[in-house]
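# Analysis of the macromolecular model
Residue-level listing of the chains:
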Amino acid sequence: MSESIDMLFGDLRSLLNQSERNTAWARDIIALLELAIGEDRDAFMARWQPYLMSHRLHLTDANFPPVAVASIDELEWWEETLPFANFNLSLGPRALTSEQFESLLEPDRLARIRGLDLSKHPEAKDFLLELARHPESLPLNTLISRNMSLEENHITSIAQTIAFRRLRKLDLAKNRIGDSVIELLTRDSNLQHLRHLDLGFMGMTQEAISEFVARGAELLGQLESLWLDHNAFGARGGHRLAHALPTDGNLRTLGLAGVGLGDMVMRLFGQAPALASLTSLDLGFNQLSDRGLLDLFAVYSPTNLRELKLSGNRLTNSSGFAIANRGDLENLRVLDLSYNRLGHTTAHELAKNTSLTTLRELILTGNDMTLNSTARRRLHESPNTYAHITW
């Protein structure tokens with residue numbers, strides 16, 4: 001048995017013998033278990049199983065954070081290893097059988113599943129409807145149902161039944177339902193606890209924005225994150241949505257990549273009061289040129305932004321220099337300028353500017369940047385050397 005397993009097991013026993021059990025304690029135990037299992041699963045289990053059997057009652061009432069599980073086969077192993085733990089379950093790459101779906105409906109299992117990722121599993125649609133028939137609220141906090149070919153009845157089953165009432169995060173991206181998804185999510189909805197919603201690639205148009213304005217005030221007010229990427233809202237729809245966001249709401253993350261904003265609307269878009277509260281904004285792939293970005297920054301102060309994504313536009317060094325010299329991006333951690341028309345002088349300006357010393361990630365991939373060894377050395381000697389720079 002390896003020395004590292006001995007050390008990990010010793011650390012684990014020390015933790016388990018502590019009298020104080022708080023959130024940090026539970027998180028540390030899960031972290032140690034994952035480290036030990038990754039090091040040598042069989043060797044660790046030879047020691048862990050006997051110890052678990054003698055301390056099982058001692059552990060079952062602890063509030064452990066969910067463990068990420070990559071497939072239903074792996075879930076069975078983890079349930080034996082950590083019968084006291086909760087799980088965030090992904091169905092994995094292979095299609096599931098009806099028997100496997102039935103096994104997931106077992107009450108003991110459902111009681112332990114906090115997150116469920118059904119993405120790319122269209123065979124799970126009936127399972128989703130079966131979950132919706134549950135007579136009580138499921139303990140699910142997260143439901144990810146991307147690219148499942150869902151239909152309107154599936155959206156209704158999620159939004160209007162008691163089973164999914166506790167959801168805090170819902171991802172429905174890449175289900176081409178169209179504009180009706182907004183009405184389905186807001187009509188007689190039970191999603192009062194929802195805080196994070198992804199409706200990217202849904203085939204929505206400006207009509208969806210009209211539905212949001214007419215029916216979705218309550219939903220918009222409760223959300224902390226909203227992703228609407230790659231829907232055909234156009235300039236008018238994007239502008240109308242921004243001005244419909246409540247100024248006293250909770251929204252901090254807004255994803256509007258690829259919605260067709262364009263340059264002409266950016267000054268009006270930037271005047272939306274709710275934008276000032278955002279900490280993350282994605283305006284990638286909106287055919288923005290320097291003019292559009294400069295119009296936006298002429299009226300919008302991004303002081304609170306920690307993440308700004310402008311990938312896939314038509315920005316040149318003028319935009320790069322404007323960002324570097326704004327002086328009100330002191331909280332920015334991530335700046336994505338990939339796949340634009342920037343040159344290496346922008347990289348130097350962004351890296352050396354002392355007003356951007358909070359940057360942790362600077363993404364410049366896909367621009368016209370040919371950096372020789374001297375240029376790379378100067379870049380890494382800049383004040384922002386602790387930012388991970390990708391070009």
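Our structure's up above, just so we're on the same page.
The rules we used
Residues numbered from 1 in each chain as written. Predicted model: local features only at pLDDT ≥ 70, side-chain atom pairs only at ≥ 80, totals over all residues. Heavy atoms only, no water. Helix = DSSP H or I, 4+ residues; strand = E, 2+ residues; numbered from the N terminus. Buried < 20%, exposed > 50% of the residue type's maximum accessible area, 1.4 Å probe, protein only. Areas by Shrake-Rupley, 256 points an atom, 1.4 Å probe, with all protein chains shown as cover. Core = buried A, V, L, I, M, F, W, Y, C linked by side-chain atoms within 4.5 Å. Contact = heavy atoms within 4.5 Å. Salt bridge = Lys/Arg side-chain N within 4 Å of Asp/Glu carboxyl O. Pairing = 2+ DSSP bridges. Right-handed = clockwise from strand over helix to strand, strands pointing away. Axes fitted to C-alpha atoms, helices over the stretch in contact; angles between N-to-C directions. Parallel < 35°, antiparallel > 145°, perpendicular 65-115°, else oblique. Nonpolar A, V, L, I, M, F, W, Y, C, P; charged D, E, K, R; others polar. Left-handed = near helix turned anticlockwise from the far one by under 90°. Arc of directions from axis to C-beta.

### Looking at the overall build of the protein
Summing up its helical and strand segments, the protein has 16 helices and 13 strands in all. Its C-alpha atoms give the protein principal-axis dimensions of roughly 65 × 55 × 40 Å. The 391 residues of the protein split such that 51% are buried. Carbon and sulfur atoms make up 47% of the accessible area of the protein, which totals about 17700 Å².

### Considering the nonpolar core
With 116 residues, the main nonpolar core has Phe44, Trp48, Phe164, Leu170, Leu185, Leu199 and Leu283 as its most contacted residues. Broken down by element, the residue count for this core peaks at 12 residues, all from helix H2 (residues 23–59). Discounting residues that sit within four places of it in the chain, Leu185 has contacts with Ile155, Ala159, Leu170, Leu172, Leu191, Leu197 and Leu199.

### Quick notes on the pattern of salt bridges
Scanning the entire structure with this criterion turns up 12 salt bridges. Where Glu79 meets Arg109, a salt bridge forms, and the shortest distance between an N and an O atom there is 2.9 Å. Within this pair, whereas Glu79 is found in helix H3 (residues 72–81), its partner Arg109 is found in helix H5 (residues 107–110), the two being separated by 30 residues in sequence. Ionic pairing is found between Asp295 and Arg291, a salt bridge with its closest N-O pair at 3.9 Å. Residue Asp295 and its partner Arg291 are located together in helix H13 (residues 290–299), separated by four residues, close to a single helical turn. For Arg291, a relative accessible area of 48% puts it in the partly exposed group.

### Here we look at helix H6 (residues 125–132)
The α-helix advances 3.6 residues per turn, and as a result positions three or four apart in sequence lie on the same side. Of all the eight residues making up H6, six are buried; the element is thus mostly covered by neighbouring parts of the structure. Turning to H6, its buried residues are Lys125, Phe127, Leu128, Leu129, Leu131 and Ala132. At its buried positions, H6 is contacted by helix H4 (98–104), H5, strand E3 (113–117), strand E4 (142–144) and helix H7 (152–160).

### A word on unusual backbone geometry
Within the chain, Phe285 stands out as a residue other than glycine whose phi angle is a positive 55 degrees. Considering the arrangement of structural elements, one finds Phe285 in the loop between strand E9 (280–282) and H13. Its relative accessible area of 44% is what places Phe285 among the partly exposed residues. A positive phi is found at Gln287, a non-glycine position, where the angle reads about 55 degrees. Tracing the backbone through its elements, the reader meets Gln287 in the loop between E9 and H13.

### Notes on the pairing of strand E2 (residues 87–90)
Here E2 shows one buried face, formed by Phe87 and Leu89, and one open face, formed by Asn88 and Ser90. Where strand E1 (residues 67–69) lies against E2, three bridges are found, and the strand directions are parallel. Of the residues in E2, the one forming a bridge with Val67 is Phe87. Note on the crossover from E1 through H3 to E2: the handedness is right-handed. Inspection of the sheet shows E2 paired to E3 by four bridges, in the parallel sense.

### Considerations on the packing of helix H14 (residues 317–324) against helix H15 (residues 344–352)
At a minimum axis separation of 9 Å, H14 and H15 run at an interaxial angle of 5 degrees. Between H14 and H15, the angle falls in the class roughly parallel. On the side of H14, the interface is formed by Asn317, Gly320, Phe321, Ile323 and Ala324, while H15 contributes Thr345, Thr346, Glu349 and Leu350. Residues that form the contact of H14 with H15 fall into these classes: four nonpolar, four polar and one charged.

### Let's talk about the packing of H6 against H7
Running from amino to carboxyl end, H6 crosses H7 at an angle of 30 degrees, the nearest separation of the two axes being 9 Å. Between H6 and H7, the angle is such that the two are roughly parallel. Here H6 and H7 pass one another in a crossing that is left-handed. Here H6 contributes Lys125, Leu128, Leu129 and Ala132 to the contact with H7, which in turn contributes Asn153, His154, Ser157 and Ile158.

### Some thoughts on H14
The set of residues buried in H14 consists of Ser319, Gly320, Ile323 and Ala324. End-on view of H14: buried residues confined to an arc of 135 degrees, all on one side of the axis. Buried positions along H14 lie against H13, strand E11 (334–336) and H15.

### Some points on the side chain of Ser225
For Ser225, the position within the fold is in strand E7 (residues 225–227). For Ser225, the residues in contact, after removing those within four places along its chain, are Arg195, His196, Leu197, Leu251 and Thr253.

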